[in-house]
Amino acid sequence: MVAQIIDGKLFSKKLRKQVSEHVNVLKTENNITPGLAVVLVGEDPASQVYVRSKGKQTIEVGMNSYEYKLSEDTTEADLLELINRLNVNNDVHGILVQLPLPGHINADVVINSIDPEKDVDGFHISNVGLLATGQKSMVPCTPLGCLLMLKNFHGSLTGMDAVIIGRSNIVGKPMAQLLLNESCTVTITHSRTKQLEEAVRCADIVVAAVGRAEMVKASWIKPGATLIDVGINRVKASDGSTRLVGDAEFSSCSEVAGAITPVPGGVGPMTIACLLANTLVACCRKYGLEDPDIIPN
Ligand code: NAD
């Protein structure tokens, strides 16, 4: 079997186009321009790349982008004060604090200080609770991107067996909630799971969110299963160059799986597209407008 490639690059392009069309309507018919504020503390090189890319794509879909780059030694109090200002700023509809934060800042306190209605990352405790109880919330961008790709590929996910590898608050746990809400039977596995391979082998859907290069092997995958690879791992080749790989061994897994997301070009581009979609949704909700229908087909 040769797996179908689920092309996140193409899919995210369609999603961004839809967001951009909605933004246009908001501007022309309602005189509203959605605004996204991104806060970066410190000099982490990967975070700088992500923030730049977020800012660029925010502007490309016609939204306002506000970037706040704070020094590594910014105090928690100063960061909280900035978030309070953004919470009451009517031009800002979405707030994202780039993680990880420096060690002296409590990330939970910071995330929970964001107005839940502007929490476009969906990490605020209120949004986590709303998602867990199947209520309208802001949904974390990476799992949302995975879900959109899965639904686009399969249609209904009802009754499917899903195994998630990884239990982080950012990916694994919200992914499990989303799939549960879609009536999948969900198993969450993690670093202490005893029979990981056996569990994965039962799955119709595998979501790998571990952060270990090419850990998932072809022999773990049930023939025909759908494999969503969230991992982003930088590995060094023998010639000294680096390349990005996922948590699954792409070439061998794609001979067994029915469908697979590549790395790069799979989940990654969907994450930013979903951030823009969430900002649009937050903006519409603020003005009492209906949530835009932004699932591309
Ligand atoms: P994390 O470190 O917070 O969590 C990793 C999880 O993997 C943990 O729950 C841990 O229990 C589990 N784990 C570790 N070793 C394991 C093992 N041997 N067997 C089974 N489970 C194991 O990481 P995260 O933030 O959830 O990110 C996971 C990966 O996804 C990383 O590579 C990260 O870079 C990537 N990521 C990608 C995007 C994107 O947009 N594509 C977004 C977020 C994260």
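The structure we're discussing is the one just above.
Note that the coordinates shown come from a computational prediction; the quantities given were computed from them, not determined experimentally.

Draft legend 1. Expanded view of the overall build of the protein. Tallying secondary structure elements over the protein gives 10 helices and 11 strands in all. In terms of overall size, the protein behaves like a compact globule, its C-alpha atoms giving a radius of gyration of 19 Å where 297 residues would be expected to give roughly 19 Å. Looking at the protein as a whole, 48% of its 297 residues qualify as buried. The contacts of the protein with a sequence gap of at least 6 include a subset with a gap of at least 24, amounting to 69%.

Draft legend 2. Structural view of the site of the ligand. Around the ligand, the surrounding shell holds 21 residues, and the nearest of these are Arg167, Ser168, His190, Ile232 and Thr271. Here an oxygen atom of the ligand sits 2.6 Å away from a polar atom, N or O, in the side chain of Ser168. At a separation of 3.1 Å, an oxygen atom of the ligand approaches a polar backbone atom of Ser191. Against a free-state accessible area of 860 Å², the protein chains account for coverage of 72% of the ligand. Under a 2 Å grid-point criterion requiring more than half of the atoms, the pocket assigned to the ligand is the largest pocket. The element that contributes the greatest number of residues to the shell around the ligand is helix 10 (residues 267-286), accounting for 3 residues. For the shell around the ligand, the class distribution of residues is 9 nonpolar, 10 polar and 2 charged.

Draft legend 3. Seen up close, the layout of surface pockets. Considered as a void within the structure, the largest pocket measures approximately 1,300 Å³ in volume. Elements represented by at least two residues in the lining of the largest pocket include exactly helix 2 (45-60), strand 4 (94-97), helix 6 (141-154) and helix 10. Split into classes, the residues belonging to the lining of the largest pocket amount to 25 nonpolar, 11 polar and 7 charged.

Draft legend 4. View of the pattern of salt bridges. Going through the model one piece at a time under the given rule, you end up with 8 salt bridges. Of the charged contacts in the structure, one is a salt bridge between Glu21 and Lys17, with a shortest N-O distance of 3.1 Å. Of this pair, Glu21 and Lys17 both sit in helix 1 (residues 8-30), 4 residues apart, which is roughly one turn of the helix. What makes Glu21 partly exposed here is its relative accessible area of 42%. Take Lys17: its relative accessible area is 53%, and that puts it in the exposed class. Note that Glu197 is salt-bridged to Arg201, the shortest N-O span being 3.5 Å. Linking Glu197 with Arg201, this pair stays in helix 8 (residues 196-201), spanning 4 residues, or about one helical turn. Look at Glu197 and you get partly exposed, because its relative accessible area is 35%.

Draft legend 5. Quick look at the environment of Ala225. When you line up the elements, Ala225 lands in the loop between strand 7 (205-208) and strand 8 (226-229). A C-alpha to C-alpha distance of 9.8 Å links Ala225 and Asp161, two positions 64 residues apart in sequence.

Draft legend 6. Looking closely at the sheet that holds strand 1 (residues 4-5). Pairing is parallel in the open sheet, where 6 strands are placed in the order 1-11-8-7-5-6. Two strands bound the open sheet, and with one partner strand each, they are strand 1 and strand 6 (185-189). Relative to strand 8, strand 7 is paired through 4 bridges, and the arrangement is parallel. Bridge pairing links Ala208 to Asp229 in strand 8. Helix-sheet contacts for helix 6 involve strand 1, strand 7, strand 8 and strand 11 (259-260), and the interaxial angle to strand 8 is about 155 degrees.

Draft legend 7. Spatial organisation of helix 2. The end-to-end C-alpha distance of helix 2 is 23 Å, a good match for the 22 Å that 16 residues give at a rise of 1.5 Å each. When helix 2 is considered as a whole, its buried residues turn out to be Ser47, Val51, Lys54, Gly55, Gln57 and Thr58. Buried-residue contacts for helix 2 involve helix 1, strand 2 (35-41), strand 3 (64-70), strand 4 and helix 10. Phi turns positive, to about 95 degrees, at Gly62, one or two residues after helix 2.

Draft legend 8. Structural detail: empty space enclosed by the protein. The tally for this structure, following the rule as stated, stands at 1 cavity of 30 Å³ or more. In this structure, the largest cavity occupies an estimated 50 Å³ of space. Ile95, Leu96, Val97, Leu99, Ile111, Ile114, Asp119, Asp121 and Phe123 together form the lining of the largest cavity. Examining the composition of the lining of the largest cavity, we find that 3 residues originate from one element, strand 4, more than from any other.

Draft legend 9. A look at the packing of aromatic side chains. A full pass over the atoms with the stated rule returns 0 aromatic pairs. Over the ring of Tyr287 we find Lys286; its NZ or CZ atom is 5.7 Å from the centre of that ring.

How each quantity is defined
Residues numbered from 1 in each chain as written. Predicted model: local features only at pLDDT ≥ 70, side-chain atom pairs only at ≥ 80, totals over all residues. Heavy atoms only, no water. Helix = DSSP H or I, 4+ residues; strand = E, 2+ residues; numbered from the N terminus. Rg over C-alpha atoms; globule rule 2.2 N^0.38 Å. Buried < 20%, exposed > 50% of the residue type's maximum accessible area, 1.4 Å probe, protein only. Contact = heavy atoms within 4.5 Å. Near = heavy atom within 4 Å. Polar contact = N/O pair within 3.5 Å; in protein donor to acceptor, adjacent residues only side chain to side chain. Areas by Shrake-Rupley, 256 points an atom, 1.4 Å probe, with all protein chains shown as cover. 1 Å grid on protein atoms, 1.4 Å probe; cavity = no way out; pocket = protein on both sides within 12 Å on 5 of 7 lines; lining within 4 Å. Sits in = over half its atoms within 2 Å of the grid points. Nonpolar A, V, L, I, M, F, W, Y, C, P; charged D, E, K, R; others polar. Points joined across faces, edges and corners; volume = space filled by probe spheres on them. Salt bridge = Lys/Arg side-chain N within 4 Å of Asp/Glu carboxyl O. Pairing = 2+ DSSP bridges. Axes fitted to C-alpha atoms, helices over the stretch in contact; angles between N-to-C directions. Expected span 1.5 Å × (residues − 1). Phe/Tyr/Trp six-rings, centres within 6.5 Å; stacked < 30°, edge-to-face > 60°. Lys NZ or Arg CZ within 6 Å of the ring centre and 35° of its normal.

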